[in-house]
Amino acid sequence: MQIDEELTLKKLEIFLAFMRSGNLARAASELNTSNVSVHRAIHSLENALRCPLFKHQGRNLIPLESAYVLEEKAQKLIQDAQDMVRLAREAAGFSAERFKLGSLYSLTVKTVPQLIMGLKLRRSELNIDLILGSNVDLMYKLKNMELDAILIALDDSVSDPDCEQLPLFSDDIFLAAPNDSPFAEHTDVDLAALADDTFITLTQGYATFRDGERVFEQAGFEPKVAMQVKDIFTLLSMVSSGVGYALLPGRVAAVYENRMKLIPLQAKYQMQQHIGVVFLKTRERDPNLLALLAECRMYSRQA
């Protein structure tokens, strides 16, 4: 048989509230509605079922056997409906107990820990998965809904009509050199003077690799690359060990600070990275994402 359109989950919720309380006034108070609305919902439910659920005894409604059968089945139905909604929202990434955050490696020095601490204070029950990668990899995973939000360098390559961006801070590009380098004591450096020196770079897809290419182009030479690595901490280790120089953002200054220095580039070579959070527009009302964005706004004011 077809289900009557008057049979709704909302009416079943009202019915269950009445069965728990046994009284129209108490059921109405629990649901923050009126006695009349409760009575109307119950009467409509009887019409939809095409059978009585209660008998009248004065002004009281006395449950029939049909009401007890409906109560048992309705409790399971409402629970299943709530689970259905929760699981569907979690599958879409909304209000899930896990939050998948993507980030550049370099942002784990300071930015990511601070944002995660703030997010955990706002939503203590939330489990956070941190996935590290390049600008290109993280953007791909965001678009494929493998990540809930990403912290990356903002530029034309990540402009997408399906995404929103929230800027966090801007970061200058420096020459990274070991402490015993002849440039270590310079207040700034002419990059063209390093045309014959060896460099270490990140692999393609990383914002710092792309920015480095632009700076080298301004300096008028193609660098001699001794090694390409997939994370900035390996690159820092290579620089501090004297394997070669690198162009790096200032946010990594605290790493290996006793073994290497970040030296400003001369004004004609100066370049900034603009760091921000990117997320899908379809997710902008997700409570977990809203909590992260609130932390990001606080962070941007302090940066």
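Since the model is a prediction, treat every value here as computed from it, not as a measurement. (Residues numbered from 1 in each chain as written. Predicted model: local features only at pLDDT ≥ 70, side-chain atom pairs only at ≥ 80, totals over all residues. Heavy atoms only, no water.)

Enquirer: Could you give an account of the overall build of the protein chain, with specific residues and numbers?
Expert: The secondary structure content of the protein chain amounts to nine helices and 11 strands. Taking 2.2 N^0.38 as the reference for a compact globule, 303 residues should give roughly 19 Å; the C-alpha atoms of the protein chain span a radius of gyration of 30 Å, well beyond that estimate. Based on the C-alpha atoms only, the size of the protein chain along its principal axes is roughly 100 × 35 × 30 Å. Here the protein chain holds 303 residues, and 45% of them are scored as buried. In the protein chain, of all internal contacts separated by at least 6 residues, the share reaching a separation of at least 24 is 74%. Accessible area for the protein chain stands at about 16,300 Å²; split by element, carbon and sulfur atoms hold 50% of it. Computing the positive centroid from 33 side-chain charges and the negative centroid from 40, the protein chain places the two 8 Å apart. (Helix = DSSP H or I, 4+ residues; strand = E, 2+ residues; numbered from the N terminus. Rg over C-alpha atoms; globule rule 2.2 N^0.38 Å. Buried < 20%, exposed > 50% of the residue type's maximum accessible area, 1.4 Å probe, protein only. Contact = heavy atoms within 4.5 Å. Areas by Shrake-Rupley, 256 points an atom, 1.4 Å probe, with all protein chains shown as cover. Lys, Arg positive; Asp, Glu negative; His and termini not counted. Charge placed at Lys NZ, Arg CZ, Asp CG, Glu CD.)

Enquirer: How would you summarise the pattern of salt bridges if you had to cite specific residues and measurements?
Expert: A pair can form between side chains of opposite charge whenever their charged atoms are brought close. Using the criterion set out here, one finds 16 salt bridges in the structure. Close ionic contact of Glu125 with Arg123 constitutes a salt bridge, the shortest N to O distance being 3.7 Å. Classification of Glu125 as partly exposed rests on a relative accessible area of 49%. Linking Arg210 and Asp155 is a salt bridge whose minimum nitrogen-to-oxygen distance equals 1.9 Å. Of this pair, Arg210 sits in helix 7 (residues 207-219) while Asp155 sits in the loop between strand 5 (149-153) and strand 6 (163-178), and the two are 55 residues apart along the sequence. Since its relative accessible area comes to 19%, Arg210 is described here as buried. Residue Asp155 is classed as buried on the basis of its relative accessible area, which comes to 16%. (Salt bridge = Lys/Arg side-chain N within 4 Å of Asp/Glu carboxyl O.)

Enquirer: I'd like a description of the pairing of strand 5, backed by residues and values.
Expert: Within strand 5, five of the five residues are buried, leaving the element largely enclosed by the surrounding structure. Bridging between strand 3 (residues 98-103) and strand 5 involves three bridges; their strand directions are parallel. Among the inter-strand pairings, Ser103 is bridged to a residue of strand 5, identified as Leu151. One ladder, built from four bridges, connects strand 5 with strand 11 (residues 272-280); its direction is antiparallel. Paired with Ala153 across the bridge in strand 11 is Ile275. (Pairing = 2+ DSSP bridges.)

Enquirer: Would you mind going over the side chain of Glu71 in detail, with residue names and values included?
Expert: With respect to the helices and strands, Glu71 occurs in helix 4 (residues 65-91). Buried charged residue Glu71 carries no salt bridge. Nearest counter-charge: Arg20, at 7.1 Å.

Enquirer: Explain the packing of aromatic side chains to me, using residue names and the numbers behind them.
Expert: The geometry of two aromatic rings is summed up by the distance between their centres and the angle between their planes. On inspection of all chains with the given rule, the structure shows nine aromatic pairs. Measuring from ring centre to ring centre gives 5.4 Å for Phe216 and Phe221, while their planes differ by 65°; the resulting arrangement is edge-to-face. Judged by its relative accessible area of 6%, Phe216 is buried. By the ring-pair criterion, three or more aromatic residues cluster together here, those being Phe183, Phe199, Phe216, Phe221 and Tyr245. (Phe/Tyr/Trp six-rings, centres within 6.5 Å; stacked < 30°, edge-to-face > 60°.)

Enquirer: Any details on the UniProt feature "domain: HTH lysR-type" (unreviewed entry) in the protein chain? Residues and values, ideally.
Expert: UniProt tags residues 7-64 as "domain: HTH lysR-type" (unreviewed entry). Between the first and last C-alpha atoms of residues 7-64 the distance is 19 Å; the span itself is 62% helix and 14% strand. (UniProt positions renumbered as here; feature names shortened; annotations may be inferred.)

Enquirer: Let's hear about the pairing of strand 11: which residues, and what values?
Expert: For strand 11, the buried fraction is high: seven of the nine residues fall into the buried class. Where strand 6 lies against strand 11, nine bridges are found, and the strand directions are antiparallel. Within strand 11, the position partnered with Glu164 by the bridge is Phe279.

Enquirer: Could you give an account of empty space enclosed by the protein, naming the residues involved and the relevant values?
Expert: Counted by the stated rule, this structure contains one cavity of 30 Å³ or more. Of the volumes computed, that of the largest cavity is approximately 80 Å³. If you go around the largest cavity, the residues you meet are Leu104, Tyr105, Ser106, Gly133, Leu202, Tyr206, Ala207, Thr208, Ile232, Arg251 and Gln273. A breakdown of the residues in the lining of the largest cavity according to their chemical character gives six nonpolar, four polar and one charged. (1 Å grid on protein atoms, 1.4 Å probe; cavity = no way out; pocket = protein on both sides within 12 Å on 5 of 7 lines; lining within 4 Å. Points joined across faces, edges and corners; volume = space filled by probe spheres on them. Nonpolar A, V, L, I, M, F, W, Y, C, P; charged D, E, K, R; others polar.)

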